[in-house]
Every structure is written in C-alpha cells, then in structure tokens.
Amino acid sequence: MATRPGPLTEWPWQRMGNFKYLVMAPVVVHGAYRVMNKGWGDIDLAYSLILPSLALRMIHNQIWIGLSRYQTARSKHRIVDRGIEFDQVDRERGWDDQIVFNGLLFYVGYLAMPSVRRFPLWRTDGAVATALLHAGPVEFLYYWFHRALHHHFLYSRYHSHHHASIVTEPITSVIHPFGEHIVYFTLFAIPMLSTVYMGNGSALVFVLYIVYIDFMNNMGHCNFELAPKWMFQVFPPLKYLMYTPSFHSPHHTQFRTNYSLFMPFYDYIYSTMDKASDELYESSLKGTEETPDLVHLTHMTNLQSAYHLRVGFASIASKPSDNSEWYMWTLWPLAWLSMVVAWIYGSSAFVVERIKLKKMKMQTWVVPRYNFQYGLTWDRESINDLIEKAILDADVRGVKVLSLGLLNQAKQLNGNGELFGQKCPKLGVRIVDGSGLATGVVLKSIPSDAKQVFLHTGTSKVARAIAMALCGRGIQVIMNRKKEYDVLKSQMPEDGASYLKCSSNDITKIWLVEKIDDKEQRMAPRGTVFIPISQFPLKKVRKDCTYLSTPAMKIPDTMQNIHSCENWLPRRVMSAWHIAGILHVLEGWSVHECGDDMMDPEKAWSAAIRHGFVPLTKA
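Just so it is clear, the model here is predicted, and its values are computed rather than measured. (Residues numbered from 1 in each chain as written. Predicted model: local features only at pLDDT ≥ 70, side-chain atom pairs only at ≥ 80, totals over all residues. Heavy atoms only, no water.)

A separate point is the pattern of salt bridges. By the definition in use, this model includes 32 salt bridges. Linking Glu85 and Arg572 is a salt bridge whose minimum nitrogen-to-oxygen distance equals 3.5 Å. Residue Glu85 is located in the loop between helix 3 (50-74) and helix 4 (86-91), and its partner Arg572 is located in the loop between strand 13 (559-560) and strand 14 (573-575); the two are separated by 487 residues in the primary sequence. A relative accessible area of 22% places Arg572 in the partly exposed class. For Arg610, the salt bridge is made with Glu587, and the minimal N-O distance between the two is 2.8 Å. One end of the pair, Arg610, is in helix 28 (residues 601-610); the other, Glu587, is in helix 27 (residues 576-587), with 23 residues separating them in the sequence. Note on Glu587: relative accessible area 26%, which makes it partly exposed. (Salt bridge = Lys/Arg side-chain N within 4 Å of Asp/Glu carboxyl O. Helix = DSSP H or I, 4+ residues; strand = E, 2+ residues; numbered from the N terminus. Buried < 20%, exposed > 50% of the residue type's maximum accessible area, 1.4 Å probe, protein only.)

Shown next, in the form of structure tokens:
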C-alpha cells in the first residue's frame, strides 16, 4: 500500500481473493452462448484470442518468476546484494490483477468496436505503425507521467507502493495501485486504437505487442544482468532503444533517475540518466564469485512441493506447504510431468535459495527426488550418488559445512550420512545430520515437571539419544514394542536402564513419536501432547490432543532474504537439522556429525540460543 493511499488505490476485486477470476465470467458465458446458438463458426479470431492470451501472459510471467529466482540464488551477476522479505511477497501477490483488468478492457473494446471482429491475423503495416507509435507517443508520455509520479503528492499516494520493493523481481514491474494501471493501459492503448482507426490493425500484432510489454517489464526488473554485451557492440544505438536490469535498478535505489519505460533515450535527452548506469552494467556482467559457508541439502517431498520451492510460485512458497491453495489440484498433471522429467534428467542438486546471517552466506540445494523415491530400494544407489555428487561439489567450492535435510540422512539410505565419510575420508567440508540439536529441541519441549513419557518410535539415532537423556534425568521412558525395547535397553547406560520400561498398560499424556497411524493415535488418552521427533509432521487426527511442531526454532531477525517457508513450518521458522549446520559454521566446529557421532544436545541448544534462535515452545 502507498504511504498515503489516494483514490483508486485498491483494485475493485481486491476483497475477492482468488475468486477475482470470476469477473471474467461474462467473456466465458458470452462465448458459450454464441457457440450453443450459432456454432464455433460464429467465434471470430479476435474474440477467440482474449482468454488464451491471458493464460499465455500468466504462464509467461510465471516462467520469469521461476527463472529469476533461480538465477538470483545461484548467479554471480546480482545487481543489488540485498534480500527479499515476506512483506514484499505479500505486496506483490496480486501481480495478475493487471492481466485480469486488461482482459476485461479487451472484451469491452471488442464489444464497442465492430471493426475488431474483422481483424486479420497479421498486417505488416500495422506492426510498423505499432512500433513507431510506441517509440514516440507512448515512451514520451510515459516518461513525463513517470516523472510526475515522483512528485511528493503523487508519490506518497500512489507510486511509493511500487518503490517499496528496493530489490526487484520480474513481477515487481506490475505492482502498482489500480489508478496507475488505468493510466498505463491508456498509454499502451494508443498504438492499438490507432491501428484500429487506421484500418491496419491485426490480432497477432495486438498479442505480440502485449507480449513485448510483458517481456520488457519482466526482464528490466530482474535483479541480475542478462543482456549480453555483444548486442550493444554489434548495434551501438541499441543502448538508447532498450533498457537492461542494471539501467532500471538505480531507479529503485536512487529514485530520481532513469525514468524511461523501455527506451532510455528520453533520459539522455532530458539529462535524467544515472551516470553510474554504464558502470553498473559492466560490474554486473562481470559479477562476483561467492562461496557459501553452508549448504543445506534437502529434497522435494510430495508432488506439489515443486511449486512450494522458492523457484515455484512465490505466494505459495511464502506459506507452509500444508496450506496449499485449492487450485493446486488443477496442476497435478504438470506436477506428475515435472516429477518424471526430474527423475529422468535430474542429474545433480540445484540451488533454490541463498540466505545471509551477518557475514555468513548460506545456500539451499535440492536433490531432484521425492519422498516416495527414497523408499524405493532399487533407487537408493542413484540417490546416494546424487548426494555424494553434491557433497563433492561443495567440497571443491570450499564450502565449510553441508547439512543433510529430510531423508538425505536416512539410516536405511546411508547410515545418517556415515557412508559419505567412509567413501571420502579426506573431505574438507563437514557433513552434519543435525541430530544433536534436534535432540536438544525435543528435550526442551518436554514439560519440566514430566515424570514419564511414552516413546512410540523405533530406535533411530535421535530417539535413542532422547531416551538416554530422559532416563539419565530420572524420567521414566515407556515403550510398548518388545523388540525395539530390547535393542534400546542393550544400549542404555546402567545408571539409566532402570527408567526404561516396556509396558502396554501405563498411560501417559506425553507421546514422543516418529511415525504413527490414525488407529494408534486414537489409543492416546484425552489431552495427550504429541511431540514429533522426526523431520516430518504428524497427521492431526485428534481435536482433543495437542500437536507440537517438528523440531524447529525461530530464526534471528538479522537473517536476511527469508521469503519462503521451509516445507510445513511457519514463516521465519527453520528446522533443527538446518540450524545445526549454521551452528557448525558459527561455532567453528570442525567435526562431522554423521553416523553414530552426535553433538552434545545441551551444547548445541546453548549455541542456538546464544546466536539468537528462539524456541517455539517452553518446557
């Protein structure tokens, strides 16, 4: 929202949420009526392109969003080295409002101008006229309107909303109050209406002109330089006819320069060209190599998780993954296709995010595999190969620590990461499975006055450490599976063994669980507190019980570039396994934490608190 919102700030359908697409219902109903009464032959070319062109624009913009975020995470050509936060994602959530608005106006124009219904597919003279009218009146009028928007009166009421985004993304280009978009559409309508009245308009020219506007808008608001230098060397005047991201970026940092739309020559004419633009272009192309201190290696979970990555849908990634939108079900075919492509062609982990904590640099890499694939015995070797390749790549790049997230450290897969330490004994990068901090977080979430807990789990590394710690404190740990009890009993120190009990009759209201089905949950007494000890959340079956989060903590306010949720966790909450890798770097711990080796839970917990991580629950 602008600092002092003026009239026509809000979009007419702002309170409709995702139901705003219903405003396009008249277009659909009108088309259906015509087809039912006169057949498909009654649908002319111009009308038939209205809805498909809107879908094309949304796909076009979404591709830019994904590519831009991927490049920003991995590229060395970033222009502004700052992060994006949740407030920007929320502010830019309605990037498709202008597409819906344009669609309605195109429909109204179609009804109001009968000549449009006789449009041919293509007119070369109309294309030339459109290009000239854009370079002339549109660019000229936009320049002066843009300068007017930077007057304090209009800026505070309208344009400050757009400039709230210092670090721009492609969709930042269309984040303006409704009133501004009315003017922008009026300007862009000049070439289209002119060709209609001149009689040389054509359907394809209209579509291509809108595609050009979207392309230039998206490209110019990327936070990395992608226009190659050879283009300007081959045709030097191009620098006056096409802006680049490094030309527009100073406008979001300096505010009083580089006002032009897509063609910078008006800034040259009126002396508003930022003198540092050329230097910024050169330095952005050259870039700065960056080696992260930490790599967190995770993977995709269910099929929809591909959309939840930062490089997927920005608004969806900004919410916990278990709060998916209803329309995600319509994307299931695409989700299946992406899974198959990743399975066949995914030969290495890819970067999805970069985070900063003071001077510490972090990246998240994703193994192109899903939960169910980790359960396939015959696919384990290939998955371990992908993990090993990521570890070796991080080692070559000089990464200090690589933390294994989710199933990348499964005992059945690679023995909690021990396999890689054995295969690569001379690794410089430290491998961390995060079990020490995860154990510490679980222990701290158990009420301090607890006398007994029920351990409904196997003998995993974290489960074993929790049981030993609790028994060592004199807290009774109850298990109901004899086989797992016997295994754990044999590993229990003598001074705590008496506190481990196997029983099916004892009732306690604190359940430590890894995996539990619906039937077993219903066996718990009313008021039970379910505490997950694995990285995966529990299915909430009981309304009369309390379900705690998977082991996680709130991150410090100083951690930057956090604008997506880590899987099912809330905003600005990070899993204990991820945080453990961060602590290894911050504390300078030089040991691996994998296999049977584990950091002392109390030491890991104290380090987390000292560095500003905050517990989700109080014991």
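Anyway, onward from the coordinates.
Turning our eyes to something else, we now look at the packing of aromatic side chains. Throughout the structure, instances matching the rule amount to 31 aromatic pairs. Look at Tyr142 and Tyr184: their rings are 5.8 Å apart centre to centre, the planes differ by 35 degrees, and that puts the pair in the tilted class. Residue Tyr142 is found in helix 6 (residues 124-149), and its partner Tyr184 is found in helix 8 (residues 178-198); the two are separated by 42 residues along the sequence. Residue class for Tyr142 comes out buried when judged on its relative accessible area of 10%. (Phe/Tyr/Trp six-rings, centres within 6.5 Å; stacked < 30°, edge-to-face > 60°.)

Our next topic: the sheet that holds strand 15 (residues 614-615). In space, the three strands of this open sheet follow the order 14-12-15, with antiparallel pairing throughout. A strand with exactly one partner marks an edge of an open sheet, and here the two such strands are strand 14 and strand 15. Pairing of strand 12 (residues 552-554) with strand 15 involves two bridges; the strand directions are antiparallel. Paired with Lys554 across the bridge in strand 15 is Val614. Running over the sheet, helix 27 touches strand 12 and strand 14 and is turned about 85 degrees from strand 14. (Pairing = 2+ DSSP bridges. Contact = heavy atoms within 4.5 Å. Axes fitted to C-alpha atoms, helices over the stretch in contact; angles between N-to-C directions.)

Time to look at the sheet that holds strand 13. Strand pairing in a sheet relies on backbone hydrogen bonds. The paired strands run either parallel or antiparallel. Pairing in this open sheet of six strands is mixed, and the strands run 5-4-1-3-2-13 from one edge to the other. Here the strands that pair on one side only, and so sit at the sheet edges, are strand 5 (430-432) and strand 13. As defined by bridge partners, strand 1 (residues 294-299) adjoins strand 4 (residues 401-404) across four bridges and the pair is classed as parallel. Of the residues in strand 4, the one forming a bridge with Leu294 is Val401. In this fold helix 3 packs onto strand 2 (350-357) and strand 3 (360-367), with an angle of close to 55 degrees to the strand it touches most, strand 2.

Another point: the nonpolar core. Membership of the largest hydrophobic core comes to 55 residues, with the highest contact counts inside it found for Leu437, Leu470, Leu512, Met559, Ile582 and Phe613. Ranked by residue count, the leading element in this core is helix 27, at seven residues. Among the domains, domain 2 (294-436 + 563-615) and domain 3 (449-553) are the pair contributing at least three residues each to this core. Excluding its chain neighbours within four sequence positions, the residues that come into contact with Leu470 are Leu443, Ile446, Val453, Ile475, Val477 and Leu512. Counting residues in hydrophobic clusters, the runner-up holds 52 residues, among them Tyr107, Phe188, Val196 and Phe224. (Core = buried A, V, L, I, M, F, W, Y, C linked by side-chain atoms within 4.5 Å. Domains from an automatic or database assignment.)

With that settled, the discussion passes to the UniProt feature "domain: Fatty acid hydroxylase" (unreviewed entry) in the protein. Per the UniProt record, "domain: Fatty acid hydroxylase" (unreviewed entry) is annotated on residues 136-272. Between the end C-alpha atoms of residues 136-272 there is a gap of 18 Å, over a span that is 65% helix and 0% strand. (UniProt positions renumbered as here; feature names shortened; annotations may be inferred.)

Under the local residue numbering, the UniProt record ascribes the feature "domain: Very-long-chain aldehyde decarbonylase CER1-like C-terminal" (unreviewed entry) to residues 453-615. For the annotated span residues 453-615, helix accounts for 32% and strand for 19% of the residues, and the straight-line distance between the end C-alpha atoms is 21 Å.

Where strand 9 (residues 510-513) meets strand 10 (residues 529-532), four bridges bridge the pair, whose relative direction is parallel. Opposite Ile510, over in strand 10, you have Val529 as the bridge partner. Examined bridge by bridge, strand 10 and strand 11 (residues 546-547) share two bridges and lie parallel to one another. What sits directly across from Val529, in strand 11, is Thr546.

Of the volumes computed, that of the second largest pocket is approximately 1,100 Å³. In this structure, the second largest pocket is lined by 35 residues; those nearest its centre are Leu407, Gln412, Glu514, Lys515 and Ser534. Contributions of two or more residues to the lining of the second largest pocket are made by helix 18 (371-374), helix 20 (411-414) and helix 23 (461-472). Looking at the lining of the second largest pocket element by element, the count peaks at three residues for helix 20. Here the lining of the second largest pocket is composed, by residue class, of twelve nonpolar, 14 polar and nine charged. Of the domains in this structure, domain 2 (294-436 + 563-615) and domain 3 (449-553) are the two that each give at least three residues to the lining of the second largest pocket. (1 Å grid on protein atoms, 1.4 Å probe; cavity = no way out; pocket = protein on both sides within 12 Å on 5 of 7 lines; lining within 4 Å. Points joined across faces, edges and corners; volume = space filled by probe spheres on them. Nonpolar A, V, L, I, M, F, W, Y, C, P; charged D, E, K, R; others polar.)

Here the focus is helix 23. Between the first and last C-alpha of helix 23 there are 17 Å, a value that for twelve residues agrees with the 16 Å anticipated at 1.5 Å per step. Every buried residue belonging to helix 23 is among Lys461, Val462, Ala463, Arg464, Ala465, Ile466, Ala467, Leu470 and Cys471, and all of these are buried. Of the residues trailing helix 23, Gly474 is marked for its positive phi of about 85 degrees. (Expected span 1.5 Å × (residues − 1).)

Its domain assignment divides the protein into domain 1 (14-224), domain 2 (294-436 + 563-615) and domain 3 (449-553). One C-alpha centre belongs to domain 1, the other to domain 3, and the line joining them spans 56 Å.

Further remarks concern the packing of helix 8 against helix 9 (residues 203-220). Contact pair helix 8 / helix 9: the axes reach a minimum separation of 11 Å and the direction vectors enclose 170 degrees. Here helix 9 runs roughly antiparallel to helix 8, going by the angle between their axes. On helix 9, the residues touching Phe188, Pro191, Met192, Thr195 and Val196 of helix 8 are Phe206, Tyr209, Ile210 and Ile213. For the contact of helix 8 with helix 9, the residue count by class is eight nonpolar, one polar and no charged. (Parallel < 35°, antiparallel > 145°, perpendicular 65-115°, else oblique.)

Looking now at the state of the cysteines. All chains considered together, the criterion is met by zero disulfides. Summary of cysteine pairing: Cys502 is not part of a disulfide, and the nearest cysteine sulfur, belonging to Cys471, is at 13 Å. (Disulfide = S-S within 2.5 Å.)

On to the side chain of Ser53, then. Looking at where Ser53 falls in the secondary structure, it is placed in helix 3. Within the structure, Ser53 has its side chain in polar contact with the backbone oxygen of Leu49 (distance 2.8 Å). (Polar contact = N/O pair within 3.5 Å; in protein donor to acceptor, adjacent residues only side chain to side chain.)

What follows covers the packing of helix 6 against helix 8. Axis separation between helix 6 and helix 8 bottoms out at 9 Å; the angle between their running directions is 155 degrees. Comparing their axes, helix 8 and helix 6 come out roughly antiparallel. When the axes of helix 6 and helix 8 are compared, the crossing they make is right-handed. Across the interface between the two elements, Gly126, Ala129, Thr130, Leu133, His134, Pro137, Val138, Leu141, Tyr142, Phe145 and Leu149 from helix 6 touch Glu180, Val183, Tyr184, Leu187, Phe188, Ile190, Pro191, Ser194, Thr195 and Met198 from helix 8. (Left-handed = near helix turned anticlockwise from the far one by under 90°.)

Its 18 residues give helix 9 an end-to-end C-alpha distance of 26 Å, which sits within 8% of 26 Å, the value for a rise of 1.5 Å per residue. Helix 9 sits mainly inside the fold: 13 of its 18 residues count as buried.

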